[in-house]
Every structure is written in C-alpha cells, then in structure tokens.
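Architecture at a glance
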Amino acid sequence: MDAFNYFAMSWLSPELLGLTALGTFLGIYVGAIPGLSVTMAVSILISFTFSWDVNYALCLMVGVYMGGVYGGSRTAILLNIPGAPSAIATALDGYPLAKKGLAGEAIGLSTVMSVVGGFVGIIVLAIAAPTVSEFAITFQPRDYMMLGILGIMLVGSLSGSSLARGIFAGALGLLIGTVGLDPMTAEERFTFGVVELWDGINPVAVMIGMFGISEALHQLHHMNKAVVKQKISRIIPKWSDIKKYMPLSLQTSFIGVIVGALPGTGGDIAALMAYDHAKRVTKNPKVPFGEGAKEGLIAPESANNAAVGGAYIPMLTLGIPGDAVTAVFIGALFIHGLNPGPLLLVEQPHMFWFTVGNLTLANIFVLIFGLTGIKLFSKIVECPKGILIPLIFLLSIVGAYAINNAITDIWWMLAFGVFGYFMRLYGFPVGPVILGVILSSLTDENWRRAILTERGSVSDLFINMLHSPLSTVLFSVIVLILFTKSPIWTKWLKRKVFRPSA
Amino acid sequence: MSSQSPSLTTRKPGERIFCFLLVLGSVYLFWQAYKISGFSSLSSPGAFPLAASAAMVLASCITFLNTLKAPAAEDVRFVYHCFPPVVAFIMALILIYSVVLESLGFVLTSFVFLFISIQFLYRRSPLTTLAITLLSLIVVYIIFRLVFQVVLPEGIMPEREILSSITSLWR
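Residues numbered from 1 in each chain as written. Chains lettered and ligands numbered in written order. Predicted model: local features only at pLDDT ≥ 70, side-chain atom pairs only at ≥ 80, totals over all residues.

Considerations on the overall build of chain B
On a plain count of helices and strands, chain B comes out with seven helices and zero strands. Its helices and strands in sequence order give chain B the pattern α-α-α-α-α-α-α, from N to C terminus. A globule of 171 residues ought to have a C-alpha radius of gyration of about 16 Å, yet chain B, at 25 Å, is considerably larger. With respect to the three principal axes, the spread of C-alpha positions in chain B is 70 × 50 × 25 Å. In chain B, 66% of the contacts between residues at least 6 apart in sequence involve partners at least 24 apart. (Helix = DSSP H or I, 4+ residues; strand = E, 2+ residues; numbered from the N terminus. Rg over C-alpha atoms; globule rule 2.2 N^0.38 Å. Contact = placed C-beta atoms within 7 Å.)

Quick notes on the overall build of chain A
Helix and strand content of chain A: 22 helices and two strands. Taken over C-alpha atoms, the radius of gyration comes to 22 Å for chain A, in line with the 23 Å a tight globule of 502 residues would show. Expressed as a percentage of its 502 residues, the buried residues of chain A come to 62%. Sequence-distant contacts in chain A: of pairs separated by 6 or more residues, those separated by 24 or more amount to 79%. (Buried ≥ 20, exposed ≤ 12 C-beta atoms within 10 Å, placed from the backbone.)

Quick word on the confidence of the model for chain B
All names here are of chain B. Residues of chain B with pLDDT of at least 70 account for 94%, and the chain-wide mean is 82. Overall, residues 1-8 carries pLDDT values under 50, and its contacts beyond four positions in sequence, including any with other chains, amount to 20 contacts. Interface confidence for the predicted complex, given as ipTM, is 0.87, next to a pTM of 0.79. (pLDDT = per-residue confidence, 0-100.)

A short note on the packing of helix α2 (residues 14-32) of chain A against helix α4 (residues 54-79) of chain A
All names here are of chain A. Interhelical geometry of α2 versus α4 gives an angle of 30° and a closest axis separation of 5 Å. For the element pair α2 / α4, the angle class is roughly parallel. Crossing geometry of α2 relative to α4 is assigned as right-handed. Split into classes, the residues belonging to the contact of α2 with α4 amount to 19 nonpolar, twelve polar and two charged. (Axes fitted to C-alpha atoms, helices over the stretch in contact; angles between N-to-C directions. Parallel < 35°, antiparallel > 145°, perpendicular 65-115°, else oblique. Left-handed = near helix turned anticlockwise from the far one by under 90°. Nonpolar A, V, L, I, M, F, W, Y, C, P; charged D, E, K, R; others polar.)

Overview of the interface of chain A and chain B
Tallying the contact residues gives 55 residues for chain A and 54 residues for chain B. Counting only elements with at least two residues in the side of chain A that touches chain B, the list comes to α8 (163-178), α17 (385-404), α18 (407-425), α19 (431-453) and α22 (486-498) of chain A.

Points about helix α10 (residues 239-261) of chain A
Residues and elements named next belong to chain A. If you check α10, its first and last C-alpha atoms are 31 Å apart, about what 23 residues at 1.5 Å a residue would give, namely 33 Å. Of all the bends in α10, the largest measures some 50° and sits at Met246, one to four residues before the proline Pro247. Those residues of α10 not exposed but buried are Tyr245, Leu248, Ser249, Thr252, Ser253, Ile255, Gly256, Val257, Val259, Gly260 and Ala261. Residues of α10 that are buried in the fold lie against α6 (103-137), α11 (267-281) and α12 (294-317). (Expected span 1.5 Å × (residues − 1). Bend = angle between axes of the 7 residues up to and from the residue.)

Structural notes on the nonpolar core
Membership of the largest hydrophobic core comes to 209 residues, with the highest contact counts inside it found for Val42, Met61 and Ile434 of chain A. No other element matches α6 of chain A, which puts 16 residues into this core. Of the domains in this structure, domain 1 (6-78) and domain 2 (84-170) of chain B are the two that each give at least three residues to this core. Beyond its immediate sequence surroundings of up to four residues, Ile434 of chain A is in contact with Gly173, Val206, Met207, Met210, Ala324, Ala327 and Val328 of chain A. (Core = buried A, V, L, I, M, F, W, Y, C linked by C-beta atoms within 7 Å. Domains from an automatic or database assignment.)

Brief notes about the domain arrangement of chain B
How big an interface is tends to be expressed through the accessible area that disappears when the partners come together. Domain annotation for chain B reports domain 1 (6-78) and domain 2 (84-170). The gap between the C-alpha centroids of domain 1 of chain B and domain 2 of chain B is 39 Å.

Focus on unusual backbone geometry
Non-glycine residue Arg123 of chain B carries a positive phi angle of around 55°. Assignment of secondary structure puts Arg123 of chain B in the loop between α5 (106-122) and α6 (126-147).

Describing the packing of α6 of chain A against helix α15 (residues 349-370) of chain A
Residue and element names in this part refer to chain A. One way to put it is that α6 packs onto α15 with a least axis distance of 9 Å and a crossing angle of 175°. What the angle tells us is that α6 and α15 run roughly antiparallel. On α15, the residues that touch Thr111, Ser114, Val115, Gly118, Phe119, Ile122, Leu125, Ala126 and Ala129 of α6 are Phe352, Val356, Leu359, Thr360, Asn363, Val366, Leu367 and Gly370. Considered class by class, the residues forming the contact of α6 with α15 number eleven nonpolar, six polar and no charged.

Examining the environment of Thr185 of chain A
Considering the arrangement of structural elements, one finds Thr185 of chain A in the loop between β1 (180-181) and β2 (188-189). Residue Thr185 of chain A is classed as partly exposed on the basis of its 13 C-beta neighbours within 10 Å.

Looking at the environment of Asp93 of chain A
Take Asp93 of chain A: it is sitting in helix α5 (residues 88-99). Every residue in contact with Asp93 of chain A, bar those within four places of it in the chain, is listed here: Phe289, Gly290, Gly292, Ala293, Gly296 and Leu297 of chain A.

Spelled out as structure tokens, the structure:
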C-alpha cells in the first residue's frame, strides 16, 4: 500500500504533475531539435535544479528523459535528421513514409508505439528491480569494480569508432574522477598543490562542457542546412493499425528493455536491434523495409522507449549507468544526496516507487503531447540555429556557474568543451568520459576493498573470483570484450541493419 | 585493436598531432599518478590512478600508431573542415564572457554576448538582432533568476534595487 502511495505521489500533487508535464514537453522538443540532446539538457538542468527539493528536480528530469527519447523520432520522420541517436533507426523508414505524404500517420503511430514501449519498460522495471536489488546485495566489492569497468568498456566500444579510443575516453573519465583528496586516506591526487582542486573537478562542469559546449561548437559546422518541410495530415493513428502492429511492438519492447538494462547499451543499440528483429520476423511486408515499412518505424520506436525503463534497472539497483544519459542522471541523484545502489530500494523504497510513478506519468504525457500541438512543433523546430546556438552557450555558462557560484567551474566547462570538441572531431567518443567520471569513485573504492580483503594478494583475488559464478561471468565478459574486439560486432550489427536499406 | 570503422581509415588533418599530444598528456598523467604513492601497494591511493593512466597511455599509443598508418583524407582542410574560424571566434567569445562575467554582471555580459553571437551567426539587421537578444535575455532572466532562483553575478548593475523598485510598484 505504501508503494502505491509513493507511486501516486506525483499524480496527486499539482506541482509535481505540472513539472512532469513541463519536463516531458521540454524533452520532446529537446529531443526533436537536432543539435540539442537529452544528455545536454539533463546536465544543464542538474545545475539549475540542485537547490530544489529532490522530488521536484526528479519530476522535471524524468520527464525530459522520457520525452527526449521519443522526441528524436519526430525530426527523424519529418526531416530525415534523427534528433537523438536512438532515433537513427526510425529515420530509415520514417522519412520515406513522410515523403509519401504520410508524415502525420507516421508520427501518430510512432507516438502510440513509443508509449506502448514505455509502459513495457516501466512494468519490467517495477517487477525486476526489487529482485535485482536483492541479488545485488550479495555482490562483492570485486563484482562492483568489474561492473563499473564493464559499463565503461561497453559504452566505449559501442559508441566510438574503435575500442582503443573508447578505452582512452573511459580511462580519462576515471582519472578526472580521482582528482582531489582521496576519500579513504585524504591523500592529494592530481591537485598540483592547488587547494581549489581538493574537492575535485565538478562532474557537472565536465558534463556541460562535453555535452553542451562541445556539441554546440560542432553544430557551428552545419549552420546553413536547408530545412525541408513536410505536409502533416491526420495524426491520430488508425485503430486497425495499432491492433495489427501490437504484437511486433510488444516483442521489440522486450528487446528494448533487455538491451536497455545491460550496462553500456542504451536506446540507440536497442532501436537498431529491434529494427533488425522486425526485418527478420516480417515475412511479407506490404512495403519493403527502407521504403516506408510501418514495421520498420514501430520496432525501433517501441524499443527505444522501452529501453528507458530498462536503463533504470541497473541505475537504481546497482548504481551503474547504462549510457551517458543515465550517467548524468546518477550524477543528479548523487547531488541530491541519494545513493543509487542495492541499498536504495531497502533504505528509500519511496524513491523507487516515486520514480516508477513518475515514469508512468511522463509516458502518459508523451501520448498527450505527441498527438497534439504539431503546428507549434514545426514552428519551434524551425527555430534558426543562429539564435539557438548562442542560447545554448549562454545556458551552459550560466549552468556551470550556478552549481557553486564559482567562475572556476566555467573554466573547467570551457576547457572540457574545447577538448571535447577535438575529441569528437577526431572520432573519440565523449560518453565514456562521463561514465568514467561517475563510476570513478565506485570502481576505485571497490578495487581497494577487494584487494584489502585479500590482504593485498592478487592471486587470492583471482582464486576467490573463480569460486563465485557471478564474478567469473563478469570477468570473462570483460576479457571477451577486450580480446574479441567488440568493434567487429558493432560493424556486423551496423552492416546487417544498414546494408540492405542503403 | 586495429579494426576501425570505414570512416576512420583516413585521417583528418591535425589528427596525428592531436593523438600525439594525447600520448604526451597520458605519459605526463602517468608520471603524476606514480608520484601519488609510487608502486608501494595495490591498495594505495595511487594504484587506481596508475592503472587508469596506464590504460590511457596504452590506448593513446595504439590510436597514434593507427593514425600513422592511415592515409590523409582528401579534400579536407584543417581551417575549413576541422577548425573553422567561426568555431575559434565563438570559443574566444565564451572565453571573454567568462573573464568579464563577475565584474560586469550577468545581464550586461550576456546581452553583449548574445548580441554579437546572434548577429554573427544569424546575420540579420542589427535591429532584428537587438529585438531577439532582448527578448531571449528577458525570458532567460525570468526563468532562471526569478523562477529557478539561480544566483547570478550582479556586477555593476544594481539589479536588486531595480527588482525591488519594480516589486514596490505592485504594492
């Protein structure tokens, strides 16, 4: 009964309800406008909301996350520009549909199926998380350490162009996270005798720099791209269509949840895998894939929204983020004094059910905003970049300053922004950096705990590791990634998905 | 670990230098990590930074060696495709913004910043730019300063007096 009360908390309070609605609304537009990303929006929002009550801040950010994942599909359909990485697969069939004059129908259908996917994700989260967290209590420090490394390596190998670049980015993040006084012995690390560095580098400044500034700087390359307008007809999808595609939507939703729940894989991979799945199971599509098959639109859209619920499972139960957005989210939870991990569900069950309720609410708002306001939408998305980008810079700077009212944070943000710009330019992924910063202390502390319990003996650590099935699995996965060069796998996946459609 | 996606079989101008700088930076950080507690024990405060920076050295060396093998991309010029003047200009603008922010205050600095950058990027008549700048600044100010209650540097503008005189008008 308590759980239900917490679940309904954001539904009954007008302020929380309003904030979730606002967040979802903002998220849809942030996700839809190419050049603005959910990661960027959430990292800027952290800095503005950190003084708020945690419930208010969470409502807003959950809304942005949920809306943002959906919003990317809009521009993918209308402009063939995926507003977010998770909408890349959506563009493959969504844009051909729009070219046939079916943009409205495509948007309507993708909205409904996104919401279906979202609900599947939330239900799985509500059922699985308590079990996972009970299981997680039995985890040893070495398991946490390996989970941390695993998450960074997966993000590094999947998001970047080469594993080496991904590992570099992840290790850099880990190192940034160690700057300051060591939490266990209070020894100085990388402080260069500067007292200001004792507290470390503010992770929010790193996030805003890497995702706000560097992304906006990159947008300056594409200032003069012409926008193609599409005519939008009816938007409420046909009931027969929904009924017909529901089984596929549910299947791909489950793919989405599972992929989302794995550390290191998020909505983008989920959407690509779902697209691949749809292609395999649809024997006789009415329209070939890549030319406007509705199956090819529904599958990735259900999967990427389902991945949101999935991504919350490791985030809330283990404190391990699945991708850059969840890494930023964990940063937000830490700032609000919450400790995501196996004890969160035991010590603060209200937080868990509150989040589940919030996600559900945000999902409903996606449905409402998704099927309305399309005229306003096309106006806002056409907002010229020449105005938009200066505003992003302004918000980034103000955001970085607002965390501690310190100019130093602006310097850090700027430094990481410029560095991130060059990293992106030369094919280094920036997601692992953020994951590294967030996971740094967890990995560091658990490594030291693990080695201390073995009295400093590495051989004992390995022997005990092999006695525990979980540790063995984790260890072998890490070794597997390192030595089978997971880029081959991504190449395979990309080839499989893109080649026939190209 | 030499397998790379097709887009990276060529290298962009400056990529080699950037990767080389990363190697240098990683080695420097490795040395700094060594200075924390040396190779004293596996659970020392320096052990984890050492491992992380060692991974950086290794990964950056591999990347650098790969760029040595890769042929240069054709028709890509550094000043045009990689680091166009507009990016440098905006970077400089943000730098100046953060230098003068505390002394001049949020409102003035942001006004100038928005005006220059919108004029530069949007290229309309100064009057249009002025209108857009004013409007967006007012919206940002209301949302963040008044609704979100974010503390922003006041600088030379007597903001609080202005605000209180405005609120007193309502009473």
